[in-house]
Amino acid sequence: ITADRPGNRNVRCVCVYGKKRIELNNTLYIVVPCYNEEEVLRETASRLRGKMRALISAGKISGGSRVLFVNDGSRDKTWEMIRALSAEDALFTGVALSRNRGHQNALLAGLMTARGRADMVVSMDADLQDDVDAVDRMVDEYLSGADVVYGVRNKREKDAFLKRFTAEGYYKLLDAMGVEVVFNHADYRLLSARALDALSQYGERNMFIRGIIPMLGYKTATVTYERGERFAGESKYPLKKMLALASDGVYSLSMKPLRFITGLGVTLLVLAAALLIYAIVRLCMGYTILDWKIVTISVWGVGGLILLALGIIGEYVGRAYMELKGRPRYHIGETVGLDRKL
Ligand code: UDP
Ligand code: MG
């Protein structure tokens, strides 16, 4: 039996062990990638438990909803804590990757585990920087028909000037490169089951998830929230990982750097032609034009530009090589609590 819910989401009647029970069709999974998060995990779990309980009693999500922690090869007690949480409360489930594969892969592992189990999935960081209360509004948007709900931070005052400046510059760079991005949105978002199915069809090995989501094309909505400080511990995104993620965003989603090289080549050729004409004219007028400074600067300058161009091409070639191998993005080592009923 199906009945109408707000939007076009349905209520479904299921039969459990011969007894009839009405179950909402809206199963929510909250996916939380965790890398060395033992300091925050208890607090995160207790806030998420409160949130899930409230949503279940309000009838917005089904009793089969779960929190899914993804342990990204942590070196501390994170996985032990996830197992303990799951033993205490069936609401908590976990998957452990066989080793550290980075935030985007951990997130994908969680999303793909939730796929087929959930009607909607919210992804959020473990450190409580993403305001848990925004989940309510995300679910409301889902119930009114949105397939993708972006969590967008409303201000960046809490960030250090340098972080704010580089983040804004980076969003502008992506925009200039023709990459569709939602400004001030990271990986706090809700995806419906069909958006998740669509995401699973993107096979790239180095995935910059937030650059792919706008390509899905389903109905989107935005929820703004204030991004707080990390609850405890320190950032698991050192500069090196941040730069790797940033360059993935550009090279895996845009071909513009290659066109930039062509443009640069054409400009240099035009300049060289102009210089040649100038030199011929000066020679005809009886001047010598041999100037070691100009020669040195040109050789070094052009040499530098060629190396830059080679570097850019190399980024694409290297990525194409990795994509060609098609290696798996992650392996799942263990799971906990995934096939249990509440
Ligand atoms: N994370 C992960 N694997 C990594 C690095 C980070 O799963 O290799 C997780 C981390 O536990 C957190 C999220 O990714 O839940 C975002 O990391 P963090 O909060 O340290 O980044 P920041 O907010 O400083 O950019
Ligand atoms: Mg954080």
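Source: prediction; values computed, not measured.

Thoughts on unusual backbone geometry
Stage number 1. A positive phi angle, near 50°, is found at Asn-36, a position not held by glycine.
Stage number 2. Here Asn-36 shows up in the loop between β4 (28–34) and α1 (41–57).
Stage number 3. When the 19 C-beta atoms within 10 Å are taken as the criterion, Asn-36 is described as partly exposed.
Stage number 4. Look at Leu-128: it is not a glycine, yet its phi comes out positive at around 65°.
Stage number 5. Considering the arrangement of structural elements, one finds Leu-128 in the loop between β7 (120–123) and α4 (134–143).

Points about the site of ligand 1
Stage number 1. What surrounds ligand 1 is a group of 17 residues, the closest being Pro-33, Tyr-35, Ala-126, Ser-235 and Lys-236.
Stage number 2. If you list the elements that add at least two residues to the shell around ligand 1, you get β4 and α3 (103–114).
Stage number 3. Taken together, the residues of the shell around ligand 1 sort by class into six nonpolar, five polar and six charged.

Looking at the packing of helix α9 (residues 256–284) against helix α10 (residues 292–325)
Stage number 1. Where α9 contacts α10, the two axes come as close as 10 Å, and the packing angle between them is 160°. On the basis of the axis angle, α9 is roughly antiparallel to α10. Viewed along their axes, α9 and α10 form a crossing whose handedness is left-handed. Here Pro-257, Leu-258, Ile-261, Leu-264 and Leu-268 of α9 come into contact with α10, specifically with Val-302, Leu-305, Ala-309, Ile-312 and Tyr-316.
Stage number 2. Its residues assigned to classes, the contact of α9 with α10 comprises 10 nonpolar, no polar and no charged.

Digging into the UniProt feature "transmembrane region" (unreviewed entry) in the protein
Stage number 1. With numbering aligned to this structure, UniProt lists the feature "transmembrane region" (unreviewed entry) at residues 260–280 and 292–317.
Stage number 2. Across residues 260–280 one finds 100% helix and 0% strand; the C-alpha atoms that close the span lie 30 Å apart.
Stage number 3. Strand forms 0% of residues 292–317 and helix 100%; the C-alpha atoms that close the span are 37 Å apart.

Considerations on the environment of Gln-104
Stage number 1. The residue Gln-104 is located in helix α3 in this model.
Stage number 2. According to the C-beta neighbour criterion, Gln-104 is partly exposed, with 19 such atoms within 10 Å.
Stage number 3. The spatial distance from the C-alpha of Gln-104 to the C-alpha of Met-207 is 6.9 Å, given a sequence separation of 103 residues.
Stage number 4. Every residue in contact with Gln-104, bar those within four places of it in the chain, is listed here: Met-207, Phe-208 and Ile-209.

Description of the environment of Val-336
Stage number 1. Relative to the helices and strands, Val-336 resides in strand β11 (residues 332–336).
Stage number 2. Residues Val-336 and Ala-87 lie 249 residues apart in sequence; the distance between their C-alpha atoms is 8.7 Å.
Stage number 3. With near-sequence residues (within four places) excluded, Val-336 lies in contact with Ile-82, Arg-83, Ser-86, Thr-93 and Gly-94.

Here we look at the sheet that holds strand β5 (residues 66–71)
Stage number 1. The strand order across the open sheet formed by eight strands is β10-β8-β9-β7-β4-β5-β6-β11, and the pairing between neighbours is mixed. Looking at strand neighbours, the two that pair on one side only are β10 (220–225) and β11, the edges of this open sheet. Between one strand and the next, the sheet's axes are offset by a mean angle of 20°, whatever the strand orientation.
Stage number 2. Two strands pair when backbone bridges link them, and strand β8 (residues 148–153) and strand β9 (residues 185–192) are joined in this way by four bridges, in the antiparallel orientation. When the sheet's bridge partners are listed, Tyr-150 is paired in β9 with Arg-189.
Stage number 3. Helix-sheet contacts for α1 involve β4, β5 and β6 (92–97), and the interaxial angle to β4 is about 170°.
Stage number 4. Here α3 sits on the sheet in contact with β4, β5, β6, β7, β9 and β11, set at roughly 155° to β4.

Parameters and conventions
Residues numbered from 1 in each chain as written. Chains lettered and ligands numbered in written order. Predicted model: local features only at pLDDT ≥ 70, side-chain atom pairs only at ≥ 80, totals over all residues. Helix = DSSP H or I, 4+ residues; strand = E, 2+ residues; numbered from the N terminus. Buried ≥ 20, exposed ≤ 12 C-beta atoms within 10 Å, placed from the backbone. Near = placed C-beta within 6 Å. Nonpolar A, V, L, I, M, F, W, Y, C, P; charged D, E, K, R; others polar. Axes fitted to C-alpha atoms, helices over the stretch in contact; angles between N-to-C directions. Parallel < 35°, antiparallel > 145°, perpendicular 65-115°, else oblique. Left-handed = near helix turned anticlockwise from the far one by under 90°. Contact = placed C-beta atoms within 7 Å. UniProt positions renumbered as here; feature names shortened; annotations may be inferred. Pairing = 2+ DSSP bridges.

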